[in-house]
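Structural overview for review
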Amino acid sequence: MKRGKKKNRRIRGKNRSLILLSMPSLIWYILFCYLPVVGIILAFKRYRLIPGKGFFYSLINGSEWVGFENFRFLFLNPEIGKVIRNTLLYNMAFLILGTVIPVMLAVGISYIHSGRIRRFVQISLLLPYFLSWIIVSYSVYAFLSYDRGVVNSVLGSMGIQGFRFYQSPSLWPFILCAVNVWKSSGYMMMLYYARLMAIDTELFDAAAVDGASNFKVIRYIILPELKNVILVMTLLNLGNILSTDFGLFYQVTRNSGSLLSTTETIDVFIYKALMEKSNYGFSAAASLIQNGIGCIILVTANRLLKKNGGGGAAL
Amino acid sequence: MNIKRQGKRNKKKNNGFQREQGYISGLGRTADIILSVVLILISLLALLPVILVIIISFSSEEAIIESGYSFFPEELSLDAYRYLSGHLGKILQSLGVTLLVTVIGTVLSLFLISTMAYALSRKDFLLRKLYTTIVVIPVFFGGGIASSYAVNTQFLGLKNSIWALILIPACSSWYIIVMRTYFLSNIPPEILEAARLDGASDARIFFRFVIPLSKPIMITVGLFEAFSYWNSWYENLLYTDSNHSGLYTLQYVLYNMEKNVSFLTSGDSISGLSAARVPTESFRMALVVVIILPILVTYPMFGRHIKNGLNAGAGK
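Here is what the cut-offs are and how they apply
- Residues numbered from 1 in each chain as written.
- Chains lettered and ligands numbered in written order.
- Predicted model: local features only at pLDDT ≥ 70, side-chain atom pairs only at ≥ 80, totals over all residues.
- Helix = DSSP H or I, 4+ residues; strand = E, 2+ residues; numbered from the N terminus.
- Buried ≥ 20, exposed ≤ 12 C-beta atoms within 10 Å, placed from the backbone.
- Contact = placed C-beta atoms within 7 Å.
- Domains from an automatic or database assignment.
- Nonpolar A, V, L, I, M, F, W, Y, C, P; charged D, E, K, R; others polar.
- Core = buried A, V, L, I, M, F, W, Y, C linked by C-beta atoms within 7 Å.
- Arc of directions from axis to C-beta.
- Axes fitted to C-alpha atoms, helices over the stretch in contact; angles between N-to-C directions.
- Parallel < 35°, antiparallel > 145°, perpendicular 65-115°, else oblique.
- Left-handed = near helix turned anticlockwise from the far one by under 90°.
- pLDDT = per-residue confidence, 0-100.

A tally of regular secondary structure across chain A gives 14 helices and two strands. Within chain A, buried positions represent 41% of all 315 residues.

Attention now goes to the overall build of chain B. When its secondary structure is counted, chain B shows 17 helices and zero strands. Here chain B holds 316 residues, and 42% of them are scored as buried. Here the contacts in chain B between residues at least 6 apart in sequence split such that 70% fall between residues at least 24 apart.

A few words now on the environment of Val136(A). All names here are of chain A. Considering the arrangement of structural elements, one finds Val-136 in helix H6 (residues 133–144). Sequence separation of Val-136 and Val-179 is 43 residues, and the distance between their C-alpha atoms is 8.4 Å. Residues within four places of Val-136 in sequence aside, it is in contact with Leu-131, Val-179, Lys-183 and Val-252.

Our next topic: the domain arrangement of chain A. All names here are of chain A. What the domain assignment reports for chain A is domain 1 (2–65) and domain 2 (77–314). Contacts between domain 1 and domain 2 engage six residues on the former and five residues on the latter. Of the residues in the side of domain 1 that touches domain 2, the class split is four nonpolar, no polar and two charged.

This part is about the nonpolar core. Residues Tyr192(A), Ile113(B), Met179(B) and Val288(B) are the most contacted members of the largest nonpolar core, which totals 167 residues. Of all the elements, helix H8 (residues 172–197) of chain A adds the most residues to this core, at 14 residues. Residues from two domains meet in this core; each of domain 1 (2–65) and domain 2 (77–314) of chain A gives at least three. Setting aside residues up to four positions removed in sequence, Val288(B) forms contacts with Ile135(A), Tyr138(A), Val53(B) and Leu254(B).

Looking now at unusual backbone geometry. Backbone geometry places Asn255(A), a non-glycine residue, at a positive phi of 45°. Along the chain, the position of Asn255(A) falls in the loop between helix H11 (246–250) and helix H12 (260–263). Within the chain, Asn160(B) stands out as a residue other than glycine whose phi angle is a positive 55°. Inspection of the secondary structure puts Asn160(B) in the loop between helix H8 (144–155) and helix H9 (162–167). The partly exposed category is assigned to Asn160(B), around which 14 C-beta atoms lie within 10 Å.

Residue and element names in this part refer to chain A. Mapping Leu-226 onto the fold places it in helix H10 (residues 214–239). Between the C-alpha atom of Leu-226 and that of Val-37, which follows or precedes it by 189 residues, the distance is 35 Å. When sequence neighbours within four positions are dropped, the list of residues in contact with Leu-226 reads Val-103, Tyr-192 and Arg-195.

Another aspect to go through is the interface of chain B and chain A. Chain B puts 88 residues into the contact, and the matching count from chain A is 87 residues. Class assignment of the residues belonging to the side of chain B that touches chain A gives a composition of 52 nonpolar, 25 polar and 11 charged.

Another point: the environment of Val101(B). Residues and elements named next belong to chain B. Take Val-101: it is sitting in helix H6 (residues 88–121). For the pair Val-101 and Ser-232, spaced 131 residues apart in the sequence, the C-alpha separation amounts to 9.2 Å. Contact partners of Val-101, with chain neighbours within four places excluded, come to Ile-162, Leu-165, Ile-166, Tyr-229, Ser-232 and Thr-249.

Because the α-helix completes a turn every 3.6 residues, residues three or four places apart line up on one side. Residues and elements named next belong to chain B. Among the residues of helix H12 (residues 202–213), those classed as buried are Asp-202, Ile-205, Phe-206 and Val-210. Axial view of H12: buried residues confined to an arc of 95°, hence all on one face. Summarising the geometry of H12, the exposed residues directed more than 90 degrees from the buried face are Arg-208 and Pro-212.

Here helix H13 (residues 266–275) of chain A lies mainly inside the structure; eight of its 10 residues are buried. Those residues of H13(A) that fall on the buried side of the exposure criterion are Ile266(A), Asp267(A), Val268(A), Phe269(A), Ile270(A), Tyr271(A), Ala273(A) and Leu274(A). At its buried positions, H13(A) is contacted by helix H4 (80–110), H11 and helix H14 (280–307) of chain A together with H8 of chain B.

With that settled, consider the packing of helix H3 (residues 29–57) of chain B against helix H16 (residues 280–301) of chain B. Residue and element names in this part refer to chain B. The N-to-C vectors of H3 and H16 enclose an angle of 125°; their axes lie 7 Å apart at closest approach. Comparing their axes, H16 and H3 come out oblique. Considering how the two elements wind past one another, H3 and H16 form a crossing that is left-handed. In this structure, H3 uses Val-53, Ile-54, Ile-56 and Ser-57 to contact H16, whose residues at the interface are Glu-281, Ser-282, Met-285, Ala-286, Val-288 and Val-289. Classifying every residue of the contact of H3 with H16 by side-chain character gives seven nonpolar, two polar and one charged.

Residues and elements named next belong to chain B. At a minimum axis distance of 8 Å, the contact between helix H5 (residues 79–86) and H16 shows a crossing angle of 70°. As the angle between them shows, H5 and H16 are arranged roughly perpendicular. Facing Asp-79, Ala-80, Tyr-81, Tyr-83 and Leu-84 of H5, the residues of H16 in contact are Ser-282, Phe-283, Met-285, Ala-286 and Leu-287. By residue class, the composition of the contact of H5 with H16 is eight nonpolar, one polar and one charged.

Residues and elements named next belong to chain B. In this model, chain B carries an average pLDDT of 84, and 86% of its residues clear a pLDDT of 70 or more. Confidence, read as mean pLDDT per element, is least for helix H1 (residues 2–14) in chain B (40) and greatest for H9 (97). The ipTM for the predicted assembly is 0.88, set against a pTM of 0.88.

Structure follows, in structure tokens:
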């Protein structure tokens, strides 16, 4: 009995120091992740800040319940259909391009003999990943500006009339896809490449003994090895199917009003509702829908994958 | 057939360090050259936007006004940099802010990430399951920016505070998971056990043994965090009013100059330069170059660490 108690205390003592060690991190999670989750009841309120009182006091005591009023306004908004369509189409395109291109690049570099070339390719393709959207927006502008841009002067020298890019919404789906591929492919390529390099060399030896062609090696060894990583990435992307990178859609388009019909996504919409119209409830309602649907998709897809014995176990 | 067998022999010879060398030997010489050329071309294409910005910053203003941005400007000039060095006041201020945020932020986020990752990696930690759930949920569910904004400004009082720039992006579930995986697979449990038998506390074990043993992952995560702090602008956009421009990071200064070039120079009419003589176009790009220079310089040096870190992440 006494010994058991002693052991118990020892375990608790040990855990106490682990709890202490991870306390700052836990506090960060509570303040910056979980308080906002509680605050999402904003979506069901007409928020009014009581001067001198904090957010939660105002939220609970000062703001009246409005039920699904905010959601009603959200769906009555004339823009919302377009915004959801843009978000879904961009994410679908990014999902496909963001898988196929990096996988091809990863397989490509893994076949290059020269270590120096391999390193050069990796470093240059990964570089855009480390540039901020502001910088990206500047260099995109250097290409696409109507009177100064490189693209228009090249077109001009061939006798072709230049484009007013920042006023032509129909061109932007292509531009944004290209920019996104340029910025994120390197990182994804490195992930897939790392996975490729972890393949057991014996598999390749066995393939060489069997006299398998490179095509067969890719088809039967490399792609199956990458399958799990691809699945996990796809799953995460599906969970974020209604979320987009705010910087890409807000900065790279220079928030140009005439492009909104093809470039405004849910995140930009939510941002504007909050910062330009100070409409907390409306913005929170849109966030709640965005997060809720993403969550449902993620959980469902994960369950389906698990059922089929896929790599969904990662979550 | 002959070639293949040779390939096989090569592989036998290389066996063991083939992975380290990082390639799959299967291509003939010609195919290797073609593939290399194609990939080098793609890489150069990826570098073009950065190269263009650098060239514009060295172009003369007349050349830009005359014939637009160009990879081959008619006239080179250092005017933009000269102008930049003459107007360092606000730039140094925001460089200071950016450096402060980057240094404090990186240290803080390494601390938050590694301590939580360590707790999650300890199989005898009673709250492990609960803490794992706490860390994983925010990956796919959050309060949205309206709620976060209200909490951060009206509850935590972070509006127009430098702490908004440091604290809000400080922790990341993704890096916690990566680091936990690293701890689990790279720190021999025997060492921890031995230290524990010597009576060392968990905190002591963590700082004395775990951190030194996980230098590679610390460097990788630190590097990614440092870059992301250096690149930060979003927190400024949300949490800093325009009458607190002393808190602007370099990126956010650049963002403001997109609309208003005079942002940096407003108020110094003494400089005597007429508006026409300000090298507006090249000046912006010069600032871009100044901001990406630290990234361009440090990043290739840490290439190996970045790769190792990604390896650890992919091994998940």
